[in-house]
Amino acid sequence: MSVINIQVPENCQRLDVYLSQELSDLSRSRIQQLIEQGHVQVNDTVCKSKKIHLKSGDRITLEIPAIQPLELVAADIPLDILYEDEEIIILNKPAGLVVHPAPGHPDGTLVNAILAHCPNLPGIGGVQRPGIVHRLDKDTTGAIAIAKTDLAYQHLQAQLQAKTARREYLGLVYGVPKTSTGSIDLPIGRNPQDRKKMAIVSVEDGGRNAITHWQVQERFGNYTLIHFQLETGRTHQIRVHSAKIGHPIVGDPIYSSGHSIGVNLPGQALHAWKLQLQHPVSGNLVAVTAPPPRSFTTLLEVLRRRSGVS
C-alpha cells in the first residue's frame with residue numbers, strides 16, 4: 001500500500017475534482033472509488049463524500065491499496081486478426097467476449113486468448129490488463145487494438161488521450177433522428193442509483209466530458225443505421241448518449257426498453273467498424289475495417305425487406 005499526503009494551499013473545489021487534478025496518474029473514477037472505500041482522510045478523519053469542498057490548510061491522506069494480481073492463464077480461443085506486426089495487433093472482437101479478467105469473469109477473456117497468441121504480453125501496460133489500451137463492452141463487436149510492447153502501449157495511450165486515434169462505429173437505433181448529422185456533448189459518470197450503469201452526470205458531480213459525433217447512414221421505417229465517431233472514450237459512451245437523445249441502440253439490455261425486433265441478437269447492435277491510428281514505430285497510418293458479424297448484417301437485411309428498401 002502506498003500513502004500520499006497533500007496539504008491544500010487555498011480554498012478550492014470538491015475533493016474528487018481536486019485529487020484528480022493533483023494526481024494525474026489516477027482517473028477520477030478510481031479516486032471516487034478510493035473515497036467510497038474509506039481510503040481518503042481529510043484532517044485525519046475518514047471522508048467518504050466526494051463532494052465536500054476543501055479549504056485552505058486542509059490535510060489530505062490518500063491510501064492506495066496494492067493491486068492483487070490476477071492469475072492470468074492463456075486460453076486457446078480463436079482470434080479474428082485484422083492486422084499484426086511486432087508492435088501491435090488489431091482484432092475483430094466477437095459478441096460475448098469480455099476484454100479483460102474482472103470479478104465475475106476471471107478467465108475466458110480476450111486477454112486470456114491473446115496470451116496464448118502472444119506469450120510475451122504479460123507486463124505490457126500492467127499485470128491486470130496486459131496490452132489493453134482501450135476496451136469494448138462484452139457484447140459490442142469490432143476492432144480493438146492491443147499493444148505488444150511497452151513502447152507501443154505508451155504510444156497508443158498517448159494517441160487516445162490526444163484524440164488522434166480515430167474510432168468509428170456502426171449502430172442500429174430505434175426511431176428516426178430529425179436531422180442527418182449531429183454531435184452529443186454530455187458528460188458521463190457512474191449512475192448514482194445503479195453503480196453497474198452509466199448515466200449523464202455533470203462534471204461537478206463526478207462526470208467526465210464525453211463527445212460523440214453521428215451521421216445517419218440508412219433508414220428502415222422506425223429504425224436507423226447510424227455511423228458514430230468517438231472524440232472521447234467513456235464507458236458505454238455511445239449507448240448512453242444514444243439513449244439520452246431518445247434513440248437507444250437496438251438490443252441494448254441496459255439502456256433500451258424497446259420491443260423485440262424479431263431477430264436473434266447476441267447483444268446490442270453496435271459494432272466498432274473502423275480503427276485508424278499511427279504506428280508506434282514507423283509512424284505510418286494503420287487503418288483497418290472490421291466486417292460486421294453475421295447477426296448484424298442479417299438484422300439489416302431483415303429491416304430492408306420489411307421497409308421495402310432494396
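In case you missed it, the structure is sitting above this.
Residues numbered from 1 in each chain as written. Predicted model: local features only at pLDDT ≥ 70, side-chain atom pairs only at ≥ 80, totals over all residues. Heavy atoms only, no water.

A. Highlighting the overall build of the protein. A tally of helices and strands in the protein yields six helices and 15 strands. A compact globule built from 310 residues should have a C-alpha radius of gyration of about 19 Å, and the protein, at 21 Å, falls within 12% of that. Sorting the 310 residues of the protein into buried and exposed places 47% on the buried side. Restricting to contacts in the protein with at least 6 residues of sequence separation, those with at least 24 account for 65%. For the protein, the accessible area works out to roughly 15300 Å², and carbon and sulfur atoms hold 48% of it. The protein carries 31 positive and 28 negative side-chain charges, and their two centres are separated by 8 Å. (Helix = DSSP H or I, 4+ residues; strand = E, 2+ residues; numbered from the N terminus. Rg over C-alpha atoms; globule rule 2.2 N^0.38 Å. Buried < 20%, exposed > 50% of the residue type's maximum accessible area, 1.4 Å probe, protein only. Contact = heavy atoms within 4.5 Å. Areas by Shrake-Rupley, 256 points an atom, 1.4 Å probe, with all protein chains shown as cover. Lys, Arg positive; Asp, Glu negative; His and termini not counted. Charge placed at Lys NZ, Arg CZ, Asp CG, Glu CD.)

B. How the structure looks around the environment of Val250. On the secondary structure map, Val250 appears in the loop between α5 (237–244) and β14 (270–278). Taking the relative accessible area as the measure of exposure, Val250 reaches 1% and is therefore buried. Taking the C-alpha atoms as reference points, Val250 and Leu91, 159 residues apart in sequence, are found 24 Å from one another.

C. A look at the packing of aromatic side chains. Scanning the entire structure with this criterion turns up one aromatic pair. Ring centres of Tyr174 and Tyr223 lie 5.6 Å apart, and the angle between their planes is 45°; this geometry places the pair in the tilted category. In this pair, Tyr174 is assigned in strand β8 (residues 166–174) and Tyr223 in strand β13 (residues 223–230), connecting sequence segments 49 residues apart. On the basis of relative accessibility, which here comes to 10%, the residue Tyr174 falls in the buried class. In this structure, Lys274 packs its charged tip against the face of Trp273, placed 4.3 Å from the ring centre. (Phe/Tyr/Trp six-rings, centres within 6.5 Å; stacked < 30°, edge-to-face > 60°. Lys NZ or Arg CZ within 6 Å of the ring centre and 35° of its normal.)

D. The packing of helix α1 (residues 15–22) against helix α2 (residues 28–36), seen in detail. Packing of α1 against α2 brings their axes to within 9 Å, and their N-to-C directions diverge by 125°. The orientation of α1 with respect to α2, classified from their angle, is oblique. Remark: the crossing between α1 and α2 carries right-handed chirality. Residues Leu15, Asp16, Val17, Leu19 and Ser20 of α1 lie in contact with α2, whose contacting residues are Arg28, Ile31, Gln32 and Ile35. (Axes fitted to C-alpha atoms, helices over the stretch in contact; angles between N-to-C directions. Parallel < 35°, antiparallel > 145°, perpendicular 65-115°, else oblique. Left-handed = near helix turned anticlockwise from the far one by under 90°.)

E. Quick peek at the sheet that holds strand β2 (residues 40–42). Strand order across the open sheet formed by four strands is β1-β4-β2-β3, with antiparallel pairing between neighbours. If you trace the sheet from one side to the other, it starts and ends with β1 (2–7) and β3 (45–46), each paired once. Pairing between β2 and strand β4 (residues 59–64): three bridges, direction antiparallel. Note that in β4 the partner of Val42 across the bridge is Ile60. Taken strand by strand, α2 contacts β2 and β4, and its axis lies near 100° from that of β4. (Pairing = 2+ DSSP bridges.)

F. View of the nonpolar core. Counting residues in each nonpolar core, the largest one holds 43 residues, and the members touching the most others are Ile90, Leu110, Ile146, Tyr169, Phe228 and Leu277. Examining the composition of this core, we find that five residues originate from one element, strand β7 (residues 141–147), more than from any other. Among all residues touching Ile90, those that are not within four sequence positions of it are Asp80, Ile81, Leu82, Tyr83, Ala143, Ile144, Ala145, Leu275, Leu277, Val286 and Val288. Counting 18 residues, the second-largest nonpolar core is a separate cluster that includes Leu15, Tyr18, Cys47 and Ile64. (Core = buried A, V, L, I, M, F, W, Y, C linked by side-chain atoms within 4.5 Å.)

G. Structural detail: empty space enclosed by the protein. A full pass over the atoms with the stated rule returns four cavities of 30 Å³ or more. Approximately 90 Å³ is the volume attributed to the largest cavity. If you trace the largest cavity, you find it lined by Ala95, Asp139, Thr141, Leu265, Pro266, Gly267, Gln268, Ala269, Leu270, Pro293, Ser295 and Phe296. The residue makeup of the lining of the largest cavity, split by class, is seven nonpolar, four polar and one charged. Computed from the structure, the second largest cavity encloses a volume of approximately 60 Å³. Lining the second largest cavity are Val133, His134, Ala145, Leu156, Gln159, Leu160, Ala165, Arg167, Leu275 and Leu277. Those elements giving two or more residues to the lining of the second largest cavity turn out to be α4 (150–162) and β14. Of the residues in the lining of the second largest cavity, the class split is seven nonpolar, two polar and one charged. (1 Å grid on protein atoms, 1.4 Å probe; cavity = no way out; pocket = protein on both sides within 12 Å on 5 of 7 lines; lining within 4 Å. Points joined across faces, edges and corners; volume = space filled by probe spheres on them. Nonpolar A, V, L, I, M, F, W, Y, C, P; charged D, E, K, R; others polar.)

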